[in-house]
Amino acid sequence: MINNDRDFLYDANNVYRTENFIVKQVIGVRLSDEMNNVVFSFDTYYRRTKKRDKIYEKAFRERKNIDGKRLPTTMYARTYIE
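Please read these numbers as outputs of a predicted model, since none were measured by experiment. (Residues numbered from 1 in each chain as written. Predicted model: local features only at pLDDT ≥ 70, side-chain atom pairs only at ≥ 80, totals over all residues. Heavy atoms only, no water.)

## Quick look at the overall build of the protein chain
In terms of regular secondary structure, the protein chain is built from one helix and four strands. Element order for the protein chain, N to C, with α for helix and β for strand: β-β-β-α-β. Taking the principal axes of the C-alpha coordinates as reference, the protein chain spans close to 50 × 35 × 20 Å. Within the protein chain, the fraction of its 82 residues that count as buried is 29%. Once local pairs closer than 6 in sequence are excluded, the contacts in the protein chain between residues at least 24 apart make up 60%. A total of about 6200 Å² of accessible surface is found on the protein chain, and carbon and sulfur atoms cover 51% of it. (Helix = DSSP H or I, 4+ residues; strand = E, 2+ residues; numbered from the N terminus. Buried < 20%, exposed > 50% of the residue type's maximum accessible area, 1.4 Å probe, protein only. Contact = heavy atoms within 4.5 Å. Areas by Shrake-Rupley, 256 points an atom, 1.4 Å probe, with all protein chains shown as cover.)

Pasting the structure below:
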C-alpha cells in the first residue's frame, strides 16, 4: 500500500485528532430483523506528522474544536498507518 498523507480526508464519515494520531472513521449500519442492529466503524489511525497536521489544520480550520471528536459506534475495527 502506498502511503498518501491525504488519505485520511477521503471516504470518511468523520475525521478527528488525538495526541498521536489523526483518525478516519468510516461508519456503517447493519440492520437485522433477527438480531440487534449494529452501528460499526472502520477506523484508520494515521501517525501525526508535521505534514499531516498541516493538511488536517487546513481542512478543518473552520471547526470550533479543531481536534474534533469520535462518533460513538457499537463496534469498531482499527488499522494503524505510520
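Structure's up, so let's keep going.
## Observations regarding the pattern of salt bridges
Taken as a whole and judged by the stated rule, the model has eight salt bridges. Note that Arg17 and Asp53 form a salt bridge whose closest N and O atoms lie 3.4 Å from each other. Of the two residues, Arg17 sits in strand β1 (residues 14–17) while Asp53 sits in helix α1 (residues 50–59), which places them 36 residues apart along the sequence. A relative accessible area of 15% means that Asp53 is categorised as buried. One salt bridge in this structure joins Arg48 and Asp53, with 2.9 Å as the shortest N-O distance. Connected through salt bridges with shared partners, the residues Arg17, Arg48, Asp53, Glu57 and Asp67 form a single ionic network. (Salt bridge = Lys/Arg side-chain N within 4 Å of Asp/Glu carboxyl O.)

## A word on the packing of aromatic side chains
Centre distance and the angle of the planes are the two values used to describe a pair of aromatic rings. Within this structure, the stated rule accounts for seven aromatic pairs. Measuring from ring centre to ring centre gives 5.6 Å for Phe21 and Tyr45, while their planes differ by 80°; the resulting arrangement is edge-to-face. With Phe21 in strand β2 (residues 21–30) and Tyr45 in strand β3 (residues 38–47), this pair connects stretches of sequence that are 24 residues apart. Neither Phe21 nor Tyr45 differs from the other in exposure class; each is buried. Feature note: the residues Phe8, Tyr46, Tyr56 and Phe60 constitute an aromatic cluster, connected by ring pairs. The residue whose ring lies beneath Arg63 is Phe60, and the NZ or CZ to ring-centre distance is 4.1 Å. Directly above the ring of Tyr76 sits Arg70, whose terminal nitrogen or CZ lies 5.1 Å from the centroid. (Phe/Tyr/Trp six-rings, centres within 6.5 Å; stacked < 30°, edge-to-face > 60°. Lys NZ or Arg CZ within 6 Å of the ring centre and 35° of its normal.)

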